[in-house]
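Letter by letter, the chains look like this.
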Amino acid sequence: MAVDPDGEFPGGAAASREFLDLALSAYGAVGWTIDFATDEITWMTGMDLILGMPGADEGKIRSRLRELVEPWLVVAEETAVWRDFDLEQPIGAADGGTRILHFHARPLGDRRTGSLIGLVRDMTGLHRDRQALTDLADRYRLLVELSPDAICVHQDEIIRYANAAMGSILGVGSSAQLLGRRVTDFVTLDSVQRMRERIRALTTQGAATPRAQAELLRVDGTPVPVELVSVRTTWEGRPAQQVIGRDISVQKAAEATLRYQAALLQHVNNAIIATDREGVVTSWNPAAEDVYGVPADRALGRHVAELVGVPLQPEALLADGGVTEALHRRSDGAALVIRISAAEMESGYVLVCADETARRRAEQDFATVVAALEEGVVVVGPTGRIESANPAAERILGKTSTEIVGSSPMSWPVFDEAGNPLREDDYIAMSTQRTGVPENSRVLRIQRPDGRRVWLAINSRALNPQDRPPHMVVTSFTDITESRAARERLEYEATHDPLTGLANRTLVLRHLEQSRAHPMAVLFLDLDNFKLINDSLGHGAGDDVLRTIGRRLLRATRTEDLVGRLGGDEFVVVAHGEGDHDALGEFSERLLGALTEPIHVQGRQLHVNGSIGVVVSRPGDTRSGQELLRDADVAMYRAKTRGGGRYAFFGVELRERVQRHMVLEQDLRHAVQRDQLWVAYQPVVDLRTDRMVAVEGLLRWTHPAHGTVSPGEFISLAEQSDLINTIGAHMLRTATRQLAAERERRDSDLHLNANLSPRQLEDPRLQSIVQQALAAAGLPARALCLEVTENAIMQDPAAAARVLEELRELGVYLAIDDFGTGNSSLAQLRRLPLDILKIDRSFVTDLVESEELEVIVTSIVDMAHAIGVNVVAEGVETQQQLDLLRRIGCDKAQGYYLGKPTPIETLPNP
């Protein structure tokens, strides 16, 4: 194709003009020129139409055109550099409206001989289109910003947009604070995976997830329940997710309060409707479809009043305040209670319609429920007079509704828990009425007209906390007279010994902690050889003795003194205001004298004695109540070691012993790390084969300064502190590892017996510790027998049974140790998963000399075998004891006669 180097179209000037006319026609423009030399103005065809002067003569067109382009002439004369000029000018239209003309001009030549050429184009239609787009954007922006639904857009899990409702739900001052944050910051951990799966399911533009309930996390970490919908959309040309949610906390609270009425209180999404100035619907969201039963395609273009079933003018609604409640109609004629609020936008109005039908129906049902409540409910008006009362209130207060309504709560005789009449300011409803602050579970006593005293648990709430005081108050109350009496009985039972009626350990400790302002003495009393009474006459006789001792102690003490039983045959007396040793000595002698008076039980006359430990506490003493009992206990044992039937004071020597215990306790905390603890093994012999079939692992402590520390000393220290679990686990790991190696070396099936302390039974990790020790050592579970003392089991048989069942699941054997020293019976043991019963050494020591003990041990063996439990005798010291145990039918035995505890490498061969 040939190109004209001078810019001319083929065909000459005529063709160039045709091309120019064609271009201007397509652009909708008309050309014009002004000659600078002659001031002559010319224009092209169509100028009369552009100027809104169709058919006008040239003079009028020229005058109007010069008037419109005059600004260019001024600018052209004053501008130093030639350049293009643009200007938009409004002109009146024939129909009375306004048209917008766009002028574009360019100078040609110089200012004396040149000219100004230009184009004029009608921009009215383009301006109208732009304005419509602006109105549409404003309308939908308002719909989103004013929506009570929370809306946000996230892209690659980064929040790009969030409206005010979303900011409110997530607890930020401004929704702008959410921008750039990860959306997963506001989703609970267990919901993140489900969120991502829902998003991946949205594969097409506009695809939406079903409505679902979830929990979002506010910025302070508080969870908030919401109802969510996710929609696939775009943001800046890339895929994104739009989330629409609603806070359903109110709905959840209603469900919790009214339970079976939850369906009536289901949270309903608000209908959002946009109209033009005449009330014609321009936008109708999905919630509006649900509320009014009209699809959006049938709603758009119709007047809003026609769709909601009642007259509705948004402009009039705004004039009346913008918020009202009205009765609307669904498309099927159903009545709807709607709370409607209106807002104005540039092109019309936005209506937010909340369906309150379910709430109103729930309120009616709630009134029915309140009438049926067992809890009394009264409403106190702002004037302080009762406005309503339910039937339960009439029943509880002993008054009719007529007597209650109109009265003041302050006219009731009301008393606090101490029995004092309430002052006017203390009445619960009056306090809430003044302040709006609720009061919960306040306990008061009222005097009914019939004279009956009733205890009430009262709650008070402002009916509308947002109102200014005085508030209308809802007061609810429950008759707790019977439950309070039961609680007082329970409190008494929780703080008193059921056998003697004396204070129990809980009450004694509480008393010691609360009585430190004055001198006092703690006398710890333990009966001497009381076990013989239980063993010989039975626990029933022992209980009779304990009750008698309790009564005698009460008679021998002052009214202000506290007498308690700590358990077993241990009693305590707290003497207030007493610190003189001589006086306390005489007091102790008087108590011991009261003990030694003969006691007649089951037709027999018994003589009981005891030992007393005395500790004095003066103001400023920092010892806790538990420590005072401990020191008195230490002193009591000093008296008992001196032969019993006497008293001893806790003094310097005993304090040194306690201090030694403190030092040992601290050193014991590091004994495991410093490799000071080791395990000795005592043989257990099968009496049928005389072979060593097991060894009992016994923990030993070699102290760098004190040498060998007695197990009786350091094990009790560990029990009293928090160390027993640590060293017990260490002992188990060590013993299982050493025995596994010894079994391999000997090629034998030697078993290991390991002791568990009462504190270890309370350790929730015990099963795991045993399992890990066995696994680490490579020792079979059936090669381990765990021994638990009788007293440990009897402290809480039910809890002990659960722990033993868990250990049995591992496959280990279980044994009850020191049988006969506690208060259990074989009937109780039958319910425990036990394999072995170990008879306490106290039964074996005098077995040969005592026919009575022989009968007892024989009975134990026979009954144990009857329930499928093997028997091991402890403390065998002589051949005679061994022979007798074998004859009785005892299965196994251990003791110094059969082998002392020794390091594993020095154990005898089986």
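## Side note on the pairing of strand E17 (residues 386-389)
Summarising the sheet, strand E16 (residues 376-380) and E17 pair through three bridges and their orientation is antiparallel. Paired with Val379 across the bridge in E17 is Ser388. Counting the residues in the hairpin turn of E16 and E17 gives five residues, including Gly384, whose phi is positive at 90°.

## Describing the confidence of the model for the chain
Summarising the model, the chain shows a mean pLDDT of 83, and 91% of its residues fall at 70 or more. In the model of the chain, helix H1 (residues 12-27) stands out as the element of lowest mean pLDDT, 54, in contrast to strand E37 (residues 892-893), which has the highest, 96. Predicted confidence for residues 1-12 stays below pLDDT 50, and this span has five contacts to residues more than four positions away or in other chains.

## So, the sheet that holds E17
With respect to topology, six strands assemble into an open sheet ordered E17-E16-E21-E20-E19-E18, the strand pairing being antiparallel. Each edge of the open sheet is held by one strand with a lone partner, namely E17 and strand E18 (414-415). Bridge count between strand E20 (residues 453-462) and strand E21 (residues 473-479): seven bridges; the pairing is antiparallel. Residue Ile458 lies in a different strand from E21, and its bridge partner there is Phe477. In this fold helix H15 (residues 428-435) packs onto E16, strand E19 (439-447), E20 and E21, with an angle of close to 10° to the strand it touches most, E20. Taken strand by strand, helix H16 (residues 481-495) contacts E19, E20 and E21, and its axis lies near 110° from that of E20.

## Quick look at the sheet that holds strand E22 (residues 520-527)
Taken in spatial order, the five strands line up as E23-E24-E22-E27-E28 in an open sheet, and their pairing is mixed. This sheet does not close on itself; its edge strands, each paired only once, are strand E23 (562-567) and strand E28 (647-649). If you compare each strand with its neighbour and ignore which way they point, the axes differ by 20° on average. Sheet topology places E23 next to strand E24 (residues 570-576); five bridges connect them, and they run antiparallel. Opposite Val563, over in E24, you have Val573 as the bridge partner. Against the sheet, helix H20 (residues 581-596) touches E22, E24, strand E27 (610-617) and E28, its axis set at about 155° to E27.

## Section: unusual backbone geometry
Between Pro469 and the following residue, Pro470, the backbone shows a cis peptide bond with an omega angle of 0°. At Asp690, a residue that is not glycine, the phi angle is positive and equals roughly 60°.

## Concerning the nonpolar core
Membership of the largest hydrophobic core comes to 79 residues, with the highest contact counts inside it found for Val770, Leu784, Leu786, Leu807, Val812, Leu837 and Leu885. Sort the elements by how many residues they give to this core and helix H24 (residues 724-746) lands first, with eight residues. Setting aside its immediate chain neighbours within four residues, Leu784 contacts Leu732, Leu752, Ala754, Val770, Leu774, Val812 and Tyr813. Counting 32 residues, the second largest nonpolar core, distinct from the first, contains Ile549, Leu584, Phe587 and Val614.

## What about the packing of helix H19 (residues 539-556) against H20?
Two packed helices can be described by the angle between their axes and the distance between those axes. For the pair H19 and H20, the least separation of the axes is 9 Å and the interaxial angle reads 145°. In the packing of H19 onto H20, the handedness of the crossing is right-handed. Where H19 abuts H20, its residues Ile549, Arg552, Leu553 and Ala556 lie against Phe587, Arg590, Leu591, Ala594 and Leu595. Its residues placed into classes, the contact of H19 with H20 shows seven nonpolar, no polar and two charged.

## Focus: H24
Compared with the 33 Å implied by 1.5 Å per residue over 23 residues, the 32 Å span of H24 between its first and last C-alpha is a close match. In the stretch just after H24, Asp747 is the one whose phi turns positive, near 55°.

## A look at the side chain of Ser407
Along the chain, Ser407 falls in the loop between helix H14 (401-404) and E18. A polar contact of 2.6 Å, which involves the side chain of Ser407, links it to the backbone oxygen of Ile404. Setting aside residues up to four positions removed in sequence, Ser407 forms contacts with Gly384, Arg385, Ile386 and Trp412.

## Re the pattern of salt bridges
Across all of its chains, the model carries 37 salt bridges by this definition. In this structure, Glu67 engages Arg64 in a salt bridge whose closest nitrogen and oxygen atoms are separated by 3.1 Å. Taken together, the positions of Glu67 and Arg64, both in helix H3 (residues 58-78) and three residues apart, correspond to about one turn of that helix. On the accessibility criterion, Glu67 (51% relative accessible area) is exposed. What makes Arg64 partly exposed here is its relative accessible area of 22%. For Glu560, the salt bridge is made with Arg558, and the minimal N-O distance between the two is 3.5 Å. Overall, Glu560 belongs to the partly exposed group, its relative accessible area being 45%. One network of salt bridges, with partners in common, ties together Asp621, Arg623, Arg630 and Asp631.

The rules behind each value
- Residues numbered from 1 in each chain as written.
- Predicted model: local features only at pLDDT ≥ 70, side-chain atom pairs only at ≥ 80, totals over all residues.
- Heavy atoms only, no water.
- Pairing = 2+ DSSP bridges.
- Helix = DSSP H or I, 4+ residues; strand = E, 2+ residues; numbered from the N terminus.
- pLDDT = per-residue confidence, 0-100.
- Contact = heavy atoms within 4.5 Å.
- Axes fitted to C-alpha atoms, helices over the stretch in contact; angles between N-to-C directions.
- Core = buried A, V, L, I, M, F, W, Y, C linked by side-chain atoms within 4.5 Å.
- Buried < 20%, exposed > 50% of the residue type's maximum accessible area, 1.4 Å probe, protein only.
- Left-handed = near helix turned anticlockwise from the far one by under 90°.
- Nonpolar A, V, L, I, M, F, W, Y, C, P; charged D, E, K, R; others polar.
- Expected span 1.5 Å × (residues − 1).
- Polar contact = N/O pair within 3.5 Å; in protein donor to acceptor, adjacent residues only side chain to side chain.
- Salt bridge = Lys/Arg side-chain N within 4 Å of Asp/Glu carboxyl O.

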